[in-house]
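Chains, contacts and geometry: an overview
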Amino acid sequence: MSAALPLAGIRVLTFENFGAGPFGSMYLADLGAEVIKIESRDQGGDATRSMGPFFLGEHDSHFFQTFNLNKKSVALNLKHAAGQDAFRRIVRTADVVMNNLRGDQPEKLGLDYATLGPVNPRILCAHLSAYGRDNERKGWPGYDYLMQAEAGYLHLTGEPGTPPARMGLSIIDYMTGITTAVAVLGALIGVMKSGRGRDIDVSLFDVALHQLTYPGNWYLNEGHRTERMPRSSHPSTVPVQLFRTSDGWIFVMCMTEKFWLSLLEEMGRTDLAADPRFSTVEARRTNRELLTGLLDEEFSRATTAEWLRRLQGRLPAAPVNDIAAALDNPYAHAVGMVRRLPHPARADFRALANPIKLDGKRLESRVAPRLGEHTAQLLREAGYSDDEIESLRAGGAA
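Since we're looking at a predicted model, the values are computed, not measured.

The next thing to look at is the overall build of the chain. Each helix and strand in the chain was counted, giving 19 helices and 13 strands. Overall, the chain is about 85 × 50 × 40 Å in size when its C-alpha atoms are taken along their principal axes. Buried residues in the chain amount to 45% of all 398 residues. Looking at the chain alone, contacts between residues at least 24 apart form 66% of all its contacts between residues at least 6 apart. Accessible surface, the chain as shown: approximately 20,100 Å² in total, 55% of it carbon and sulfur. Within the chain, one finds 45 positive and 47 negative side-chain charges whose respective centroids are separated by 2 Å.

Quick look at the structure:
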């Protein structure tokens, strides 16, 4: 990109594993921040470096590359006094320290503002944990699937009468990562005004609960319990659901009266618009099952591809793809969401692009770093000589 990225000049130090923290900090890296992963060489670095089933040489995997593009890696052992000293010297040059550790760990490791504020008063300390740092669960480990279970997602996902089911992706991890990135960006603006850093806390549990949105408000205020709906239907607007075609499925979303009437016109069933059983949103909701049968009959007269040809551009409709079809979709390639990203271990490696565009262009990417790849560079910048760096390595601090 010709213009400087918006976060150029911002330095972020991260202590992160798995998905939530790395996903959030990768957004900062993609937008130009210098994101530096602080990793322990003794532990093999970020746990996803050794997470299969697909690997890219030693201490690297497809999983790791997914969440760590555009970052740097410094090997430091914070349980070693010399490692702590090196870390704090780097903190003096940083804007943000992020972690996604268990809630009781940041204080123990000296990653909070109480510890790092005296080192750098402008530092932001962002803590992404399972349950937060200030309650009875702060010492609990936690993962996305557990949050989906406790916050009601498994109860809402799947067909009625089937066992509880989680969403197919770790959506709580990803949304918590993005929420943390948003909080960091907001706090950075605050530091520019006040000159003082602070602690930032975001938890998987809180984000999961917050995303209950309007079904949550319906229960809190009306006692209404949203249940699973057949065909992945919207709980109140009809028809917004899956329908059978002659060769598969299509998802149609008549979120407005205009779209409902457009569907009937395309089907040649404008008679249903005047039918009192379907003439209003409330009536269609009451007679959802009957309407589904009638529309299935119409949709089954043509293939999914034919219906998409007829409907797209008139009302919201989409095919029901598996992952292969989603990623082989010519449209995804035409808009640049799938890109080549040559890796030292695999020249034909491909990755998904960041969804943000600046000035009409996709954000650039570079492969995730080797374990400790930038250790010497960052320590030299912090004032260490080559002999001192070698001493840190020999002593197990770097």
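So, next bit.
This brings us to the packing of helix α11 (residues 257–267) against helix α14 (residues 288–299). One way to put it is that α11 packs onto α14 with a least axis distance of 11 Å and a crossing angle of 45°. The angle between α11 and α14 places the two elements in the oblique class. In this structure, the crossing between α11 and α14 has a hand that is left-handed. Contacts between α11 and α14 involve Trp260, Leu263 and Met267 from the first element and Leu291, Leu295, Glu298 and Phe299 from the second.

On the basis of which strands lie adjacent, the open sheet formed by three strands has the order β7-β8-β9 and antiparallel pairing. In the strand order of this sheet, the two ends are held by β7 (240–244) and β9 (317–319), each with one partner. For this sheet the average axis-to-axis angle between neighbouring strands, irrespective of direction, equals 25°. Pairing between β7 and strand β8 (residues 249–253): five bridges, direction antiparallel.

Below, the discussion takes up the sheet that holds strand β3 (residues 72–75). With respect to topology, six strands assemble into an open sheet ordered β3-β2-β1-β4-β5-β6, the strand pairing being parallel. Each edge of the sheet is formed by a strand with only one pairing partner; in this case those strands are β3 and β6 (198–203). Strand-to-strand twist in this sheet, taken as the mean axis angle between neighbours without regard to direction, amounts to 20°. In this structure, strand β1 (residues 11–15) lies alongside strand β2 (residues 34–39), joined through four bridges in parallel fashion. Within the sheet, the bridge partner assigned to Thr14 lies in β2 and is Lys37.

Attention shifts here to a nonpolar patch on the surface. A cluster of nonpolar residues, Ile323, Leu327 and Leu352, forms a patch on the protein surface that exposes about 310 Å² of accessible area. Judged by relative accessible area, Ile323 falls into the exposed class, the value being 64%.

With omega at 10°, the peptide bond leading from Gly52 into Pro53 counts as cis. Of note, Pro53 is situated in the loop between β2 and α2 (62–67). Val238 connects to Pro239 through a cis peptide bond whose omega is 0°. Here Pro239 lies in the loop between α10 (213–222) and β7. In the Ramachandran plot, Thr213 falls in the positive-phi region, its phi being about 45° despite a non-glycine side chain. Following the sequence through the fold, Thr213 ends up in helix α10. The phi dihedral of Arg231 falls on the positive side, at around 60°, and the residue is not glycine. Within the element layout of this structure, Arg231 appears in the loop between α10 and β7. The class of Arg231 is buried, set by a relative accessible area of 16%.

To continue, consider the environment of Gly44. The residue Gly44 is located in the loop between β2 and α2 in this model. Take Gly44: its relative accessible area is 17%, and that puts it in the buried class. The sequence separation of Gly44 and Glu265 amounts to 221 residues, and the corresponding C-alpha distance is 61 Å. In this structure Gly44 touches Arg49, His59 and Leu371, once residues within four positions along its chain are discounted.

Here is what the cut-offs are and how they apply
- Here the residue numbering is sequential within each chain, running from 1 through the sequence in written order.
- In keeping with the predicted nature of the model, local features appear solely for residues at pLDDT of at least 70, side-chain atom pairs appear and are counted solely at 80 or more, and the whole-chain, interface and lining totals rest on all residues.
- As a convention, hydrogens and water are excluded, and side-chain values are obtained from all of the structure's heavy atoms.
- Working definition: helices are DSSP H or I runs of at least four residues, strands are E runs of at least two. Numbering for both runs from the N terminus.
- Exposure classes here rest on a 1.4 Å probe applied to the protein chains alone. A residue is buried below 20% of its type maximum, exposed above 50%, and partly exposed in between.
- Whether two residues are in contact is decided by their heavy atoms: any pair within 4.5 Å suffices.
- Each accessible area is a Shrake-Rupley estimate made with a 1.4 Å probe; only the visible protein chains count as cover when residues are assessed.
- Charge convention: Lys and Arg are scored as positive, Asp and Glu as negative, and His as well as the terminal groups of each chain are ignored.
- A charge is said to be at NZ when it belongs to Lys, at CZ for Arg, at CG for Asp and at CD for Glu.
- Axis angles are defined between N-to-C directions and span 0 to 180 degrees, where every axis is a line fitted to C-alpha atoms and, for a helix, only to the segment in contact.
- To sort the angles, those under 35 degrees are grouped as roughly parallel, those over 145 as roughly antiparallel, those from 65 to 115 as roughly perpendicular, and the leftovers as oblique.
- Take the far helix as the reference: if the near one is turned anticlockwise from it by less than a right angle, the crossing is left-handed, and if turned clockwise, right-handed.
- By the convention used here, strands pair only if DSSP detects at least 2 bridges between them.
- The residues that make up patches have over 30% relative accessible area and no salt bridge, and they are joined within 9 Å when like-charged or within 5 Å when they are Val, Leu, Ile, Met, Phe, Trp or Tyr.
- One speaks of a salt bridge when a side-chain nitrogen belonging to Lys or Arg is within 4 Å of a carboxyl oxygen belonging to Asp or Glu.

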